[in-house]
Amino acid sequence: MNIRKLMLAGSALAVMTAAPAQASIIDNPHFKVLGLVIVWGADASGTAPMVSDFVIDSDATGSNDADLIASNVHTVVTGSLTPTPTSLAGSSPFSITDGTNEIFNTDSSGDGFLDATDSFTAFSIDGSTDITTSDMIFNSSFYVASNTAFNIEAQASVATSDNFVLSDVGYALGVTADGTGDATSFGSNAQVPGTVVGGITTLDDLDNAAPIDVFTGTQRTAASAGSIIDQSVRFDATYTLGGVTGYDLSMGAGEIEADVTYTVYVP
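Residues numbered from 1 in each chain as written. Predicted model: local features only at pLDDT ≥ 70, side-chain atom pairs only at ≥ 80, totals over all residues. Heavy atoms only, no water.

(A) Layout of the sheet that holds strand β7 (residues 130-132). Spatially, three strands are ordered β6-β5-β7 in an open sheet, and the strand pairing comes out antiparallel. Every interior strand has two partners, whereas the edge strands, β6 (102-105) and β7, have only one. Going from strand to strand, the sheet's axes swing by 30° on average, the running direction of each strand aside. Relative to β6, strand β5 (residues 95-97) is paired through three bridges, and the arrangement is antiparallel. In the sheet register, Ile-96 faces β6, and the bridge partner there is Phe-104. (Pairing = 2+ DSSP bridges. Helix = DSSP H or I, 4+ residues; strand = E, 2+ residues; numbered from the N terminus. Axes fitted to C-alpha atoms, helices over the stretch in contact; angles between N-to-C directions.)

(B) Main features of a negative patch on the surface. Residues Asp-162, Glu-255, Glu-257 and Asp-259 make up a contiguous surface patch of negative charge. With respect to the helices and strands, the residue Asp-162 is situated in strand β9 (residues 151-162). Exposure remark for Asp-162: the relative accessible area of 47% places this residue in the partly exposed category. (Patch = residues over 30% accessible without salt bridge, like charges linked within 9 Å, V, L, I, M, F, W, Y side chains within 5 Å. Areas by Shrake-Rupley, 256 points an atom, 1.4 Å probe, with all protein chains shown as cover. Salt bridge = Lys/Arg side-chain N within 4 Å of Asp/Glu carboxyl O. Lys, Arg positive; Asp, Glu negative; His and termini not counted. Charge placed at Lys NZ, Arg CZ, Asp CG, Glu CD. Buried < 20%, exposed > 50% of the residue type's maximum accessible area, 1.4 Å probe, protein only.)

(C) Structural detail: the sheet that holds β9. A sheet is described by the order of its strands in space; here four strands give the open sequence β13-β14-β9-β16, paired in antiparallel fashion. Since the sheet does not close on itself, it has two edges, and those belong to β13 (194-196) and β16 (255-265), each with one partner. Averaged over all adjacent pairs, the angle separating strand axes in this sheet is 25°, with direction ignored.

(D) Spatial organisation of unusual backbone geometry. Here the amide bond leading from Ala-48 into Pro-49 is cis, since omega sits at 0°, within 30 degrees of zero. Within the secondary structure, Pro-49 is located in the loop between β1 (36-41) and β2 (50-56). Even without being a glycine, Asn-163 presents a positive backbone phi close to 80°. Looking at the secondary structure, you find Asn-163 in the loop between β9 and β10 (169-176). Not every positive phi belongs to a glycine, and Asp-182 is a case in point at roughly 55°. Here Asp-182 lies in the loop between β11 (179-181) and β12 (184-186). For Asp-182, a relative accessible area of 47% puts it in the partly exposed group.

Given below as structure tokens:
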């Protein structure tokens, strides 16, 4: 009997030592990255480069995305970081050609305008002598870096008009994947994020009750690891007086200034 009790006690001890006490630890790391679009150019005071739009995808429809910076981006002159002018000091210059080559540019003083400070020498004329609107072009740009696809919509309205109308201003939008603005290089780690919407040829096409898409995104701008500038592409707007064909003397004298508002959103 004593031997049996000892055996039973030993078995019970073995059972107890085979099931040690246990504790459960539950950890739950969680990260979420919203769609993000960073837009930069100049600010309202003319300082560049400045990020003035910081848009997050906060709405499934894209109509209520949040811009976390209250101010707006202002464009720069294409190929530079010089803020675009808000007014002209004089008339837009143009070139006189012999039908093929430029004879001279009417901005002889080099101040960017045709005004009383310019002067020319006498020049010959024949049946092919004409003006060209290669200098009646306004080029402006802004930059975008994103971690997601995005769209851009635009709307135009007349700010000042004397003889000319919005259909007299040709319009084109392009995307530059990489390059240099002044001494600032961009796009070394970027990719073209989508396509420009076709069929928009003058500012009159953007004069609608509601903005319309001018760019449709299919992917993020950031192609590989880098800085915000490295992952940025440049959007280039070109406005030409005279619409698709350019200015002609038959259009007369006048002035037009338009406000074009671009809105970036995540669809």
